[in-house]
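Structural overview
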Amino acid sequence: MQRIALDGTPKHTSISMKYEQFPIPIRSERDLHNKCCGGMVWCIKDICGVICAILTWLLILYAEFVVMAVMLIPNPHPMYRFFNMALFQTFAFLAFASHLRAMLTDPGAVPKGNATTEIIQQMGFREGQVIFKCPKCCCIKPERAHHCSVCQRCIRKMDHHCPWVNNCVGENNQKYFVLFTFYIATISIHSLFLAVNQFLMCVRNEWRECSSYSPPATVVFLVFLVFEALLFAIFTTVMLLSQLQAIWNDETGIEQLKKEEAKWARKSRWKSIQAVFGRFSLAWFSPFTQPPSRSKFESYLYPV
């Protein structure tokens, strides 16, 4: 990271930036890096991330198959069957939707190549002020932004790059990632409960009419589901708790790892939660509502 002053001289100490007024409008070409469908959708072309994302979908589909076809549809008790079907399908749909939103949402990428003398001069900074420039993507680097080597971009409030969603977790999509871990943990725990209950029922009935499949096939399906559900319940619960702790303390995963001294004004815990999820409502749990918008000046300075 470079520190540069408006007069072109090198600087070795940082000076906090203050903005006197909104800058003159800057017209630049649309940034299409890491985007597809004509720039409409954010997507990272990383083969490892694509494989991990597809594997995530396949694991959800496997859980769908075992829960529905092996356990619930053949179950002779209507209330038990319909209640658990509705519950599992709701949380599975929300998990899948949260995963797509986390994967296809720009996490807060700073436009590449905007650290030119012309743009800096038009931004209204005062003479001698220091700004931060990323030498890898030649951008004006905001406070708390970090460069991701996979996305090849600087990401505002970057927490980490997650291959399971094939994207960085940053300012714009942290809500969706938290919801993804929450709903995956929920359906994993629900699957464990259903699998254990199904196994006990099969043993109690001596494997008669407990499944549409043969006893050996049923055992194999249940064992693999229990293994998958247990693994993902532990993994996603740990991730969920670490994300909530980071939000609660107004500190990203990278800042915690590097033990960076807080040079930014820390928000209160409630304000920090609201910065990610918005004002408290049922929309907190919906992957179809947008996170709180940034200030008008920040949106202008670092547009999506």
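Residues numbered from 1 in each chain as written. Predicted model: local features only at pLDDT ≥ 70, side-chain atom pairs only at ≥ 80, totals over all residues. Heavy atoms only, no water.

With respect to the pairing of strand β7 (residues 153-156)
The side-chain alternation of β7 yields two buried faces, one formed by Arg153 and Ile155 and the other by Cys154 and Arg156. As paired strands, strand β6 (residues 145-148) and β7 are joined by four bridges and run antiparallel to one another. Looking at β7, one finds that histidine 146 is bridged to isoleucine 155. Counted between consecutive antiparallel strands, the loop separating β6 from β7 contains four residues, among which glutamine 152 sits at a positive phi close to 55 degrees. (Buried < 20%, exposed > 50% of the residue type's maximum accessible area, 1.4 Å probe, protein only. Helix = DSSP H or I, 4+ residues; strand = E, 2+ residues; numbered from the N terminus. Pairing = 2+ DSSP bridges.)

Considerations on the UniProt feature "transmembrane region" (unreviewed entry) in the protein
According to UniProt, the positions carrying the feature "transmembrane region" (unreviewed entry) are residues 50-73, 79-97, 176-199 and 219-241. Along residues 176-199, the helical share is 100% and the strand share 0%, with 34 Å between the first and last C-alpha atoms. (UniProt positions renumbered as here; feature names shortened; annotations may be inferred.)

Comments concerning empty space enclosed by the protein
Going through the model one piece at a time under the given rule, you end up with two cavities of 30 Å³ or more. Reported here for the largest cavity is a volume of approximately 120 Å³. Thr56, Leu59, Ile60, Ala63, Ile184, Ile187, Ser188, Ser191, Leu225, Glu228, Ala229 and Phe232 are the residues that line the largest cavity. The set of elements that each furnish at least two residues to the lining of the largest cavity consists of α1 (47-72), α4 (174-204) and α5 (215-248). (1 Å grid on protein atoms, 1.4 Å probe; cavity = no way out; pocket = protein on both sides within 12 Å on 5 of 7 lines; lining within 4 Å. Points joined across faces, edges and corners; volume = space filled by probe spheres on them.)

Things to note about the nonpolar core
One finds Val66, Val67, Met71, Ile184 and Leu225 to be the most contacted residues of the largest nonpolar core, which totals 30 residues. Elements with a contribution of two residues or more to this core: α1, α2 (78-104), α4 and α5. With nine residues, the single largest contributor to this core is α4. Dropping the residues within four chain positions of it, leucine 225 is found in contact with Tyr62, Ala63, Val66, Val67, Met71, Ser191 and Ala195. Membership of the second largest hydrophobic core comes to nine residues, among which are Trp42, Ile44, Ala109 and Cys168. (Core = buried A, V, L, I, M, F, W, Y, C linked by side-chain atoms within 4.5 Å. Contact = heavy atoms within 4.5 Å.)

Some remarks on the state of the cysteines
Each disulfide is one covalent bond, formed between the sulfur atoms of two cysteines. In the structure shown here, the tally under the stated rule is one disulfide. The disulfide that involves cysteine 202 links it to cysteine 210, with 2.4 Å between the sulfurs. Disulfide cysteine 202 to cysteine 210: torsion about the S-S bond roughly 100 degrees, handedness right-handed. For the pair cysteine 202 and cysteine 210, one class covers both residues: buried. Of all cysteine sulfurs, the one in cysteine 154 lies closest to cysteine 134, which takes part in no disulfide; the gap is 3.4 Å. We classify cysteine 134 as buried; its relative accessible area is 4%. The structure places no disulfide on cysteine 137, whose sulfur is separated from the nearest cysteine sulfur, that of cysteine 139, by 3.4 Å. Classification of cysteine 137 by relative accessible area gives buried; the value is 3%. (Disulfide = S-S within 2.5 Å.)

Quick look at the pattern of salt bridges
Oppositely charged side chains can pair when the atoms bearing their charge come close. Evaluated as defined, the whole model comprises three salt bridges. In this structure, the salt-bridge partner of aspartate 250 is arginine 144, at a minimum N-O distance of 3.2 Å. Note that aspartate 250 is positioned in the loop between α5 and α6 (253-258) and arginine 144 in the loop between β5 (139-140) and β6, a separation of 106 residues in sequence. We note that aspartate 250, like arginine 144, is buried. Between glutamate 255 and arginine 144 there is a salt bridge, and its shortest N-O distance comes to 2.9 Å. Pair noted here: glutamate 255 is in helix α6 and arginine 144 is in the loop between β5 and β6, with a separation of 111 residues, a long-range link. For glutamate 255, a relative accessible area of 0% translates into the label buried. Through salt bridges with shared partners, a single ionic network connects Arg144, Asp250 and Glu255. (Salt bridge = Lys/Arg side-chain N within 4 Å of Asp/Glu carboxyl O.)

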